[in-house]
Amino acid sequence: MARAYREVNPSAQYIGIDIDPGYAQIAAQFCDRTLATDIETLTIEQFDGLFPSDCWIFGDSLEHLRDPWRIIRLIRGSIDKDGCLLACIPNAQHWSVQMRLATGLFRYEDSGLLDRTHIRWFTRTTMVEMFTQAGWTIEQGISRSLPQTPPPTLIAGIQSIAEAAGVDSEQALADAHVFQFLFRLRPT
């Protein structure tokens, strides 16, 4: 990501943080500075050393944190007033996850929605709640779907469950087709 961003914005300063030392070493080729650490273990002084900053990017990483709410609140408290946060988060409401839960076949995998390193699971609703509770305003949100088509009977079942729960079944169906949500957020 740093390489692609710096190709378009060569004068930008870019700090990369990754818990995996191997990934951090690769990123070091394209970043001004890299940290091979668990962001959640940084001291307040170390965290403050990452500022001033005007944009934070979490590409499929908030779901790997024990307390992502705390991290985005900390960023919100220190980011430039016109800064932004970009986040890409897998959707736990995707029809394939619902199907696996309903059939008892919820098994962790090496990658994807059921990645064994995911600590947190989010739906569109809980993503929005997390961001707004931490003091962020959603400036833009987009969804990413896969070309797979769910079985029609599964879609009918999801609609029935939503209706039985008293929630908007059309929104539940729309959310069931989304693999990932991407957000651009501004401090509230």
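Bear in mind the structure is a predicted one, so any value in this text is a computation, not a measurement. (Residues numbered from 1 in each chain as written. Predicted model: local features only at pLDDT ≥ 70, side-chain atom pairs only at ≥ 80, totals over all residues. Heavy atoms only, no water.)

Peer 1: It is not clear to me how the side chain of Ser96 should be interpreted in this structure. Could you clarify?
Peer 2: Relative to the helices and strands, Ser96 is located in helix α5 (residues 95-103). Within polar-contact distance, the side chain of Ser96 engages the side chain of His94 at 2.8 Å. (Helix = DSSP H or I, 4+ residues; strand = E, 2+ residues; numbered from the N terminus. Polar contact = N/O pair within 3.5 Å; in protein donor to acceptor, adjacent residues only side chain to side chain.)

Peer 1: For this particular structure, what's the right way to read the pairing of strand β2 (residues 33-36)?
Peer 2: A regular strand places its side chains so that they alternate between the two faces of the sheet. Here strand β1 (residues 15-18) runs beside β2; their pairing, made up of four bridges, is parallel. Pairing of Asp18 across the sheet is with Ala36, part of β2. In this fold, β1 hands off to helix α2 (residues 21-27), which returns the chain to β2; that crossover is right-handed. (Pairing = 2+ DSSP bridges. Right-handed = clockwise from strand over helix to strand, strands pointing away.)

Peer 1: What is the right way to read the packing of aromatic side chains from this model?
Peer 2: Both the distance between ring centres and the angle between the ring planes are used here to describe each pair of aromatic rings. A complete count under the given rule lists eleven aromatic pairs for this structure. When the ring of Phe47 is compared with that of Trp56, the centres are 5.7 Å apart and the planes differ by 25°; the resulting orientation is stacked. Comparing Phe47 with Trp56 shows no difference in burial state: the two are buried. With a centroid separation of 5.3 Å and an interplanar angle of 65°, the aromatic rings of Phe131 and Phe183 are classed as edge-to-face. With a gap of 52 residues between them, Phe131 in helix α6 (residues 124-133) and Phe183 in strand β6 (residues 178-187) connect regions that are remote in the sequence. (Phe/Tyr/Trp six-rings, centres within 6.5 Å; stacked < 30°, edge-to-face > 60°. Buried < 20%, exposed > 50% of the residue type's maximum accessible area, 1.4 Å probe, protein only.)

Peer 1: Looking at this model, I keep getting lost on the side chain of Asp115. Mind explaining?
Peer 2: With respect to the element layout, Asp115 can be found in the loop between α5 and α6. Arg116 is the oppositely charged side chain nearest to the buried, salt-bridge-free Asp115, at an N-O distance of 6.2 Å. A polar atom in the side chain of Asp115 sits 2.6 Å from the side chain of Thr117. Those residues in contact with Asp115 that sit more than four places away from it in its chain are His64, Tyr108, Glu109 and Asp110. (Lys, Arg positive; Asp, Glu negative; His and termini not counted. Salt bridge = Lys/Arg side-chain N within 4 Å of Asp/Glu carboxyl O. Contact = heavy atoms within 4.5 Å.)

Peer 1: Looking at this model, I keep getting lost on the sheet that holds strand β4 (residues 84-90). Mind explaining?
Peer 2: Hydrogen bonding along the main chain pairs the strands of a sheet, whether they run parallel or antiparallel. Judged by pairing direction, the sheet is mixed, and its four strands sit side by side in the order β3-β4-β6-β5 without closing on themselves. Every other strand in the sheet has two partners, leaving β3 (55-59) and β5 (136-145) as the edge strands with one partner each. Neighbour to neighbour, the strand axes of the sheet diverge by 15° on average, direction disregarded. (Axes fitted to C-alpha atoms, helices over the stretch in contact; angles between N-to-C directions.)

Peer 1: Just checking my understanding: could you explain helix α7 (residues 152-165) for this structure?
Peer 2: Every α-helix winds through 3.6 residues per turn, so residues three or four apart in the chain are directed the same way. Its 14 residues give α7 an end-to-end C-alpha distance of 20 Å, which sits within 8% of 20 Å, the value for a rise of 1.5 Å per residue. If you check which residues of α7 are buried, you get Leu154, Ile155, Ile158 and Ala162. Along the long axis of α7, the arc covered by the buried residues comes to 100°, so they all point the same way. More than 90 degrees from the buried face of α7, the exposed residues found are Pro152, Thr153 and Ala164. Considering only its buried residues, α7 is in contact with α5 and α8 (169-176). Once α7 ends, the next one or two residues include Gly166, with phi positive near 75°. (Expected span 1.5 Å × (residues − 1). Arc of directions from axis to C-beta.)

Peer 1: Sorry if this is basic, but what is going on with the packing of α7 against α8 here?
Peer 2: Packed helices, taken two at a time, are described by the angle between their axes plus the distance between the axes. Axis separation between α7 and α8 bottoms out at 8 Å; the angle between their running directions is 135°. Regarding the angle of α7 to α8, the classification is oblique. Classified by chirality, the crossing of α8 by α7 is right-handed. Where α7 approaches α8, its residues Ile155, Ile158, Gln159, Ala162 and Glu163 are matched on the opposing element by Ser169, Glu170, Ala172, Leu173 and Ala176. Residue classes in the contact of α7 with α8 are distributed as six nonpolar, two polar and two charged. (Parallel < 35°, antiparallel > 145°, perpendicular 65-115°, else oblique. Left-handed = near helix turned anticlockwise from the far one by under 90°. Nonpolar A, V, L, I, M, F, W, Y, C, P; charged D, E, K, R; others polar.)

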